[in-house]
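Letter by letter, the chains look like this.
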Amino acid sequence: MIDPFGRSISYLRVSVTDRCDLRCVYCMAEEMTFLPRAEVLSLEELDRLCGAFIRLGVQKLRITGGEPLVRRDVMTLFRSLGARLGQGLEELTLTTNGTQLVKYAEELAAAGVRRVNVSLDTLSPETFKHVTRWGRIEKTMAGIRAAKQAGLDVKINAVALKGVNEDEFDDMLAWCGHEGLDLTLIETMPMGDVGDRTEQYLPLSVVRARLRRRWTLTETTYRTGGPARYFDVAETGRRLGFITPMTHNFCESCNRVRLTCTGTLFMCLGQDDAADLRQVLRSGADDAVLEAAIREAISRKPLGHDFVIDRRRPAAKVGRTMSLTGG
Ligand code: SAM
Ligand code: SF4
């Protein structure tokens, strides 16, 4: 699949649920209304759609949400997708808050998952509770340990929040080095109606300059197929990634599209244009029609997003939350 700008689309992120056991302040409102079940694709429908994408050239699948591991029977999907590894699919991975990893790490590894991204914004139990509204850090920490024990490669994702965790990045980098984990920092993006984010926004250019006072960071060409840019950290021997949708537009090399749990395909995280693949699926379409609908959608992939967080202008923002589109 080649889009109108010559980019080859090989990476699909799939949100398998909009539900979550946490309520991170930048992601969800405290009182969330979740989708009626009939609107959410069944695991069989998700598997069929992923199969179509793989036939069309997707080599990397990332399962996300909401919290993917709170979806009932989600391991059935991991197993059926894992069976496609080596048959067009090269990598099956997930992004999780880690709370269910004690339960599922072994099964994920058995299904063929090799790497997992765990979201953890802080090392402080109090800050964790504040950011997630009610989460307990111990559960996520235990999940990280279980994932490592199961042989999974764990990367930590942390959203940089002004006045919340900005004093912690030195400690987090040291902790990740000690635990043998890579760390990626993410800028907050203006998504969904969960409050004014201009107060929380912290440019990663500032964070990087601060980290350079203590750490020797050398830019690398290492890529994981995602939007992060990586630096080697000489003191720890691990990598530090930065995802900077706000200060650096990474769209020129975008190889990704996103499928929501309702079967809506978003060709760009920061744009509203989408294709309704659930309607195609549920109309009884055969594989050829389904593949044609996907190709048609890819032919509309826009050049890029235009997120702006600027106090002088209203933020360019998209209405849906990250928990719907899948971060
Ligand atoms: N529940 C899982 C988790 O937290 O890892 C997967 C879904 S979550 C939506 C995926 C990622 O999106 C997380 O790393 C989260 O921190 C990030 N995220 C959510 N809302 C965001 C926002 N407004 N700006 C930047 N990152 C965000
Ligand atoms: Fe849940 Fe992940 Fe959103 Fe936090 S970031 S509320 S863990 S979906």
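Residues numbered from 1 in each chain as written. Chains lettered and ligands numbered in written order. Predicted model: local features only at pLDDT ≥ 70, side-chain atom pairs only at ≥ 80, totals over all residues. Heavy atoms only, no water.

Engineer: Now, about the pattern of salt bridges: what can you tell me, with residues and values included?
Structural biologist: Scanning all chains against the criterion turns up 16 salt bridges. Linking Asp-287 and Arg-48 is a salt bridge whose minimum nitrogen-to-oxygen distance equals 3.1 Å. Residue Asp-287 is located in helix H9 (residues 287-298), and its partner Arg-48 is located in helix H1 (residues 43-55); the two are separated by 239 residues in the primary sequence. Under the relative-accessibility criterion, Asp-287 is labelled partly exposed at 34%. The closest approach of N and O atoms between Asp-273 and Arg-300, which form a salt bridge, is 2.9 Å. With Asp-273 in the loop between strand S11 (264-266) and strand S12 (274-276) and Arg-300 in the loop between H9 and helix H10 (322-325), this residue pair connects regions lying 27 residues apart in the sequence. Note on Arg-300: relative accessible area 30%, which makes it partly exposed. Within the structure, one salt-bridge network assembled from shared partners comprises Arg-48, Arg-55, Asp-287 and Glu-291. (Salt bridge = Lys/Arg side-chain N within 4 Å of Asp/Glu carboxyl O. Helix = DSSP H or I, 4+ residues; strand = E, 2+ residues; numbered from the N terminus. Buried < 20%, exposed > 50% of the residue type's maximum accessible area, 1.4 Å probe, protein only.)

Engineer: Quick rundown of the environment of Arg-300? Include the residues and the values.
Structural biologist: Residues Arg-300 and Pro-4, 296 residues apart in the sequence, show an inter-C-alpha distance of 7.2 Å. Those residues in contact with Arg-300 that lie beyond four places of it in its chain are Met-267, Asp-273, Ala-274 and Ala-275. Of the polar contacts made by the side chain of Arg-300, one reaches the side chain of Asp-273; its length is 2.9 Å. (Contact = heavy atoms within 4.5 Å. Polar contact = N/O pair within 3.5 Å; in protein donor to acceptor, adjacent residues only side chain to side chain.)

Engineer: Could you give an account of the site of ligand 2, naming the residues involved and the relevant values?
Structural biologist: Around ligand 2 lies a shell formed by Cys-20, Leu-22, Arg-23, Cys-24, Cys-27, Met-28, Gly-66 and Asn-97. Taken together, the residues of the shell around ligand 2 break down into 5 nonpolar, 2 polar and 1 charged. (Near = heavy atom within 4 Å. Nonpolar A, V, L, I, M, F, W, Y, C, P; charged D, E, K, R; others polar.)

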